[in-house]
Amino acid sequence: MRRARTAFLAVALGLAGSACVTIPEVADGAPFDLPAQTRDQIGLRYVMVQATPAVVLGYSEATDPDYRVGVIDDERETALESDVRSEVENELRRCATGDRLVDATIRVDRLGYDGRPGSLIDGNGVDEMSALVEFVEPGGDQPEGSVIARYRVSVGARSGDLIERVAGDRISHAAEELGRALCMQAFGRNPRPPGIQNSTR
């Protein structure tokens, strides 16, 4: 049985309010694409991000000066998942623009930071992120919704030199790259080509 999390969405029905929405966690399975004829119909309702314990621990070790070995900090986990969701959602909303609203559930299961000392000088390091992404159509015969597509997305984002790492956000860069790669795989379009408005490659 699939597990589910509950999310609160703002809804606009003349007055501001909130609705309780149940989003299923990633179900696993072999990747399969959206049918080509439905790509332009798909729009985004909600994005939910989960990170595996190993990913959260790696993120905490790299970002938390008070990191304790093997201990998952809830605040760090929330911060990681929130950052990834924000960046991926920003990209997806540029490429999934149809009226058939679906949810995207994302499980980040690999996060690798470039740790080469030389990359602090040359800026040529690459941080890696990988995730399993499912598009879920709400409702239907299954209360949890039905998976209509599944993608394995793996990317590398430039880690930057010492100054860029201090001033920037490596997770956001990797997550933005992830969102853009997902757009290319699922919808065949780049939402925002590389340029001054895009921090990735």
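Everything below is about the structure printed above this text.
## Quick notes on the sheet that holds strand S4 (residues 100-112)
Across the sheet, which stays open at both edges, the 4 strands sit in the order S3-S4-S5-S6 with mixed pairing between neighbours. This sheet does not close on itself; its edge strands, each paired only once, are strand S3 (42-51) and strand S6 (146-158). Pairs of neighbouring strands in the sheet enclose a mean axial angle of 25°, with direction left out of account. In this sheet, S4 lies alongside S3 in parallel orientation, the contact comprising 9 bridges.

## As for the packing of helix H2 (residues 74-95) against helix H5 (residues 170-187)
One way to put it is that H2 packs onto H5 with a least axis distance of 8 Å and a crossing angle of 35°. Considering the relative orientation of H2 and H5, their crossing is right-handed. Packed against H2, whose contacting residues are Leu80, Asp83, Val84, Glu87, Val88, Glu91, Leu92 and Cys95, the element H5 presents Ile171, Ser172, Ala175, Glu176, Leu178, Gly179, Arg180, Leu182, Cys183 and Phe187 at the interface. Residue composition of the contact of H2 with H5, by class: 11 nonpolar, 2 polar and 5 charged.

## So, the pairing of strand S5 (residues 126-137)
Along S5, 9 of the 12 residues are buried, which leaves the element largely enclosed by surrounding structure. Pairing geometry for S4 and S5, over 9 bridges, is antiparallel. Each bridged residue has a counterpart across the sheet, and for valine 108 the counterpart in S5 is alanine 131. When S5 meets S6, the two strands line up antiparallel, connected through 12 bridges. Bridge pairing links aspartate 127 to alanine 157 in S6.

## Brief notes about the side chain of arginine 107
You can see arginine 107 is positioned in strand S4. When near neighbours in sequence (up to four residues on either side) are disregarded, arginine 107 contacts Val26, Asp28, Gln50, Thr52, Ser130, Ala131 and Leu132.

The rules behind these values
- Sequence order as written defines the numbering, with residues in each chain counted from 1.
- Side-chain atom pairs in this predicted model are given and counted only at pLDDT of 80 or more, local residue features only at pLDDT of at least 70, and totals for whole chains, interfaces and linings cover all residues.
- The side-chain numbers reported here are obtained from all heavy atoms of the structure, hydrogens and water having been left aside.
- Pairing between strands requires that DSSP locate at least two bridges from one strand to the other.
- Only DSSP runs of H or I with at least four residues qualify as helices, and only runs of E with at least two residues qualify as strands; both kinds are numbered from the N terminus onward.
- Fitted lines through C-alpha atoms give the axes, limited to the stretch in contact for helices. The angle between two N-to-C directions lies from 0 to 180 degrees.
- Crossings are classed by handedness, with left-handed meaning an anticlockwise turn of the near helix from the far one by less than a right angle and right-handed meaning a clockwise turn.
- Contact criterion: two residues are considered in contact whenever any of their non-hydrogen atoms come within 4.5 Å of each other.
- The nonpolar class holds Ala, Val, Leu, Ile, Met, Phe, Trp, Tyr, Cys and Pro. Asp, Glu, Lys and Arg form the charged class, and all remaining residues, Gly among them, are polar.
- For the exposure calls, accessible area comes from a 1.4 Å probe over protein chains only, and a residue counts as buried if that area is under 20% of its type's maximum, exposed if over 50%, partly exposed in between.

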